[in-house]
Amino acid sequence: MARRKTDDREAAAGASGTTARATLSIADAAGETRGVALVLHGGRAASFDAVRARHLSPARMLPFAQALRGRGGPHGLAVWTLRNRYRGWNGPDMSPVQDARWALEQISLEHPGVPVYLLGHSMGGLTALCVADHPQVDAVVALAPWLDGTTPVDRVAGRRVLIVHGTEDRWTSPRNSLAYAKRAQPVAASIDYVSLQGAGHFMFRRVRLWNSLANGFILDAFGSRAGTEPAGAGELRQVLPATAGLPVVL
């Protein structure tokens, strides 16, 4: 059964928003923890409303977390799922980035030096790319991320990165995601961009492929570091060519 860790940070003097708390749901690995997947949900441009478990953005990431737990857990992969304090990015506050940094600190306290694998959707994809400079982060998956020309690429230096975006996305820009991938190529350890034909923002269409790519990428990266072969790691190799260019169209 998953355990929980609640944000104990004090609100800064004059801080925006309510006193909502971020929450981590933690599915521990079986035996020794050899890697940690951190799952990050999406949100809105601006909102200081508290995130609730019933909201669709965090609920949308539960199947990914459950699959990673089921396949990676027996091999030593712990899965930490973050529920943000606030629903919005909130301009210069960058609320979800603060929460993800807090989550990474908690991982470091429990598992110092253990590689971390980030998985985020929409605003969570942007957040994952923004916090990828944490020293324990090894790889990042950003699904339909919310990016523009100002999104920094230096944060993914030396990291493996996968970006997946549907061609029919009307909420975030596939063009901006591909431009980011091209800008990040010189600094990332590797970067893959997959264009899913006919898929939209909320991953309803071609759902099996979204899952195979995201979970397969993390399980493959984890397995390579841990010297193991979790079920599902091979799915990535079946759909994403090892010598793929940008973009891969599926």
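Residues numbered from 1 in each chain as written. Predicted model: local features only at pLDDT ≥ 70, side-chain atom pairs only at ≥ 80, totals over all residues. Heavy atoms only, no water.

### Quick word on the pairing of strand S3 (residues 35-40)
Stated formally: Buried residues are those whose accessible area, probed at 1.4 Å on protein chains only, stays under 20% of the maximum for their type, while exposed residues exceed 50% and partly exposed ones sit between those limits. The helix count covers DSSP runs of H or I at least four residues long, the strand count covers runs of E at least two residues long, and both are numbered beginning at the N terminus. Note: two strands are recorded as paired if DSSP finds a minimum of 2 bridges between them.
By the criterion of burial, S3 is predominantly enclosed, with 6 of the 6 residues buried. Here S3 shows two buried faces, one formed by Gly35, Ala37 and Val39 and the other by Val36, Leu38 and Leu40. Strand direction decides the pairing type here: S3 and strand S4 (residues 77-83), joined by 6 bridges, are parallel. Bridging across to S4, Leu38 finds its partner in Trp80. Where S3 and strand S5 (residues 116-121) come together, 5 bridges link them in parallel fashion. Considered in S5, the bridge of Ala37 is made with Tyr117.

### So, the sheet that holds S4
Pairing is mixed across the open sheet formed by 9 strands, whose spatial order is S1-S2-S4-S3-S5-S6-S7-S8-S9. Each edge of the open sheet carries a strand with a single partner, namely strand S1 (3-6) and strand S9 (248-249). The pairing of strand S2 (residues 23-27) with S4 spans 5 bridges and is antiparallel. Residue Ser25 lies in a different strand from S4, and its bridge partner there is Thr81.

### Quick look at the packing of helix H2 (residues 62-72) against helix H6 (residues 207-226)
Any two packed helices are characterised by the angle at which their axes cross and by the distance between the axes. To keep things clear, this is the line we draw: Only the contacting stretch of a helix is used when fitting its axis, a line to C-alpha atoms as for every element, and angles between N-to-C directions run 0 to 180 degrees. Any angle that is under 35 degrees is reported as roughly parallel, and any over 145 degrees as roughly antiparallel; angles of 65 to 115 degrees are reported as roughly perpendicular and all others as oblique. Each crossing gets its handedness from the near helix: less than a right angle anticlockwise from the far helix is left-handed, clockwise is right-handed. A contact between two residues is defined here by any heavy atoms of the two lying within 4.5 Å. Three categories are distinguished: nonpolar for Ala, Val, Leu, Ile, Met, Phe, Trp, Tyr, Cys and Pro, charged for Asp, Glu, Lys and Arg, and polar for the others, with Gly belonging to the last.
At their nearest, the axes of H2 and H6 sit 10 Å apart, and the two run at 40° to each other. The orientation of H2 with respect to H6, classified from their angle, is oblique. With respect to the hand of their crossing, H2 and H6 are arranged in right-handed fashion. Note on element contacts: H6 touches H2 through Trp210, Asn211, Ala214, Asn215, Ile218, Leu219 and Phe222, opposite Phe64, Ala67, Leu68, Arg71 and Gly72. Taken together, the residues of the contact of H2 with H6 break down into 8 nonpolar, 3 polar and 1 charged.

### Quick word on the packing of helix H3 (residues 95-110) against helix H4 (residues 123-130)
One way to put it is that H3 packs onto H4 with a least axis distance of 9 Å and a crossing angle of 55°. Between H3 and H4, the crossing angle belongs to the class labelled oblique. Regarding H3 and H4, the two cross each other, and that crossing is right-handed. Contacts between H3 and H4 involve Pro96, Val97, Ala100 and Arg101 from the former and Met123, Thr127 and Cys130 from the latter. Grouping the constituent residues of the contact of H3 with H4 by class yields 5 nonpolar, 1 polar and 1 charged.

### Considerations on the side chain of Ser108
Quick note on the threshold: What qualifies as a polar contact is a pair of N or O atoms within 3.5 Å, subject to a donor-acceptor requirement within protein and to the restriction that residues adjacent in sequence count only when both atoms come from side chains.
Among the structural elements, Ser108 can be located in helix H3. Here His134 takes part through its side chain, which lies 3.2 Å from a polar atom of the side chain of Ser108. Excluding residues within four positions of it along the chain, Ser108 makes contact with His134 and Gln136.

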